[in-house]
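For reference, the chains in residue letters:
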Amino acid sequence: MGASDKSLGGVMLLVAGFVFTYYTTWAILLPFFDASSPIHNYFPAREWAIRLPAFVLVVGLSGIGFFVGSTIIKENRKKAQKAKLRAA
Amino acid sequence: MARLHRVSIYSTILILIYLLVLFEVLPIPLIDASVAQEILPVIPWWILVSFGSYSLWCLGWGVFTFRDCPEAYHELLQEINEAKTDLRSRAVTVD
């Protein structure tokens, strides 16, 4: 129990740290370097630095909205069924 | 409400400064203007990504430092045994 917890937590920590440093370098530090510098080879084109988080944001919000909407629909259906049972 | 007031005032000021710099009303002293104009549109997305990675860090840290509490586990097992023997002595069938 303890070891798998620690490894999962460690993986999450590493992923969070990597994502933060990579994105910060990509978005904020790269424009300071010359266009000919070799560091640009490690990063995709900069439009993607905006498209990726925008895409993740849209997907995340739609996922949340879909989940909330389906829960509301299920609850309404259950309520309608209960009302029907009571009336019948 | 004092904290909410403080947070909203700070964030309003920062957003105002950001918008002024973005529309080139205010200059940035130390950085090249072209470089600043490249970085500025990305800053809101950077804030979003930083917030996401900070949340992931907090979750990971919590999972990493989660204790199994072996002392509480043994104490609980002992209390369960005591309760069982006590109930058996009062003619209650346990297990």
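Residues numbered from 1 in each chain as written. Chains lettered and ligands numbered in written order. Predicted model: local features only at pLDDT ≥ 70, side-chain atom pairs only at ≥ 80, totals over all residues. Heavy atoms only, no water.

Novice: In this structure, what is going on with the overall build of chain B? I would like to understand it.
Specialist: Within chain B, the regular secondary structure consists of 4 helices and 0 strands. In chain B, the order of α-helices and β-strands from amino to carboxyl end is α-α-α-α. Here the C-alpha atoms of chain B give a radius of gyration of 29 Å, more than 25% beyond the 12 Å that 2.2 N^0.38 yields for 95 residues. Considering only C-alpha atoms, chain B reaches an extent of 85 × 30 × 20 Å along its principal axes. Split into buried and exposed, the 95 residues of chain B put 12% on the buried side. Here chain B displays about 7900 Å² of accessible surface, and carbon together with sulfur accounts for 70% of that area. When the 6 basic and 10 acidic side-chain charges of chain B are each reduced to a single mean position, those positions are 12 Å apart. (Helix = DSSP H or I, 4+ residues; strand = E, 2+ residues; numbered from the N terminus. Rg over C-alpha atoms; globule rule 2.2 N^0.38 Å. Buried < 20%, exposed > 50% of the residue type's maximum accessible area, 1.4 Å probe, protein only. Areas by Shrake-Rupley, 256 points an atom, 1.4 Å probe, with all protein chains shown as cover. Lys, Arg positive; Asp, Glu negative; His and termini not counted. Charge placed at Lys NZ, Arg CZ, Asp CG, Glu CD.)

Novice: Would you mind showing me how to read the packing of aromatic side chains here?
Specialist: Think of a pair of aromatic rings as described by two things: how far the centres are apart, and how the planes are tilted against each other in angle. Applying the stated criterion to the full structure yields 6 aromatic pairs over all chains. Between Tyr23 of chain A and Trp26 of chain A, the aromatic rings sit 6.2 Å apart at their centres with planes inclined by 80°, giving edge-to-face as the arrangement. Placement of both Tyr23 of chain A and Trp26 of chain A in helix α1 (residues 2-29) is noted, with a separation of 3 residues, approximately one turn of the helix. In this pair, the class of Tyr23 of chain A matches that of Trp26 of chain A, namely buried. Taken together, the ring pairs in this structure connect Phe18, Tyr22, Tyr23, Trp26 and Phe43 of chain A into an aromatic cluster. Lying across the ring of Phe64 of chain B, Lys6 of chain A places its NZ or CZ 5.2 Å from the centre. For the cation-ring pair, Arg51 of chain A lies above Trp48 of chain A, with the distance from its terminal atom to the ring centre recorded as 4.8 Å. (Phe/Tyr/Trp six-rings, centres within 6.5 Å; stacked < 30°, edge-to-face > 60°. Lys NZ or Arg CZ within 6 Å of the ring centre and 35° of its normal.)

Novice: Is there a simple way to think about the side chain of Thr24 of chain A in this case?
Specialist: Tracing the sequence through the fold places Thr24 of chain A in helix α1. Accessibility expressed as a relative area gives 15% for Thr24 of chain A, which makes it buried. Looking at Thr24 of chain A, its side chain comes within polar contact range of the side chain of Trp46 of chain B, at 3.0 Å. Sequence-distant contacts of Thr24 of chain A, that is, excluding residues within four places in its chain, are made with Leu29 of chain A together with Trp46 of chain B. (Polar contact = N/O pair within 3.5 Å; in protein donor to acceptor, adjacent residues only side chain to side chain. Contact = heavy atoms within 4.5 Å.)

Novice: Explain a nonpolar patch on the surface here, please?
Specialist: The grouping of Ile9, Tyr10, Ile13, Leu14, Ile15, Leu16, Ile17, Leu19, Leu20, Phe23, Val25 and Leu26 of chain B at the surface amounts to a nonpolar patch, some 1200 Å² of accessible area in total. Within the secondary structure, Ile9 of chain B is located in helix α1 (residues 2-22). (Patch = residues over 30% accessible without salt bridge, like charges linked within 9 Å, V, L, I, M, F, W, Y side chains within 5 Å. Salt bridge = Lys/Arg side-chain N within 4 Å of Asp/Glu carboxyl O.)

Novice: Honestly, the pattern of salt bridges in this entry has me stumped. Any pointers?
Specialist: Close approach of charged atoms allows side chains of opposite charge to pair. Under the defined criterion, the tally for this structure stands at 4 salt bridges over all chains. Lys78 of chain A serves as the salt-bridge partner of Glu75 of chain A, at 3.8 Å between the closest nitrogen and oxygen. You can see Glu75 of chain A and its partner Lys78 of chain A sitting in helix α2 (residues 48-87), 3 residues apart, about one turn around the helix. Owing to a relative accessible area of 43%, Glu75 of chain A belongs among the partly exposed residues under this scheme. Taking the shortest distance from any N to any O, the salt bridge between Glu71 of chain B and Arg67 of chain B comes out at 3.0 Å.

Novice: I tried to follow the nonpolar core on my own but got confused; where do I start?
Specialist: Note on soluble globular proteins: their nonpolar side chains tend to be buried together. Of all hydrophobic cores here, the largest spans 11 residues; its members are Tyr23, Trp26, Ala27, Ile28, Leu30, Phe43 and Ala49 of chain A together with Val35, Ile39, Val42 and Val49 of chain B. Of all the secondary-structure elements, those providing two or more residues to this core are α1 of chain A together with α2 (33-39) of chain B. Top element by residues in this core is α1 of chain A. It accounts for 4 residues. The residues contacting Trp26 of chain A, other than those within four sequence positions of it, are Pro31, Phe43, Pro44, Ala45, Arg46, Trp48, Ala49 and Leu52 of chain A. (Core = buried A, V, L, I, M, F, W, Y, C linked by side-chain atoms within 4.5 Å.)

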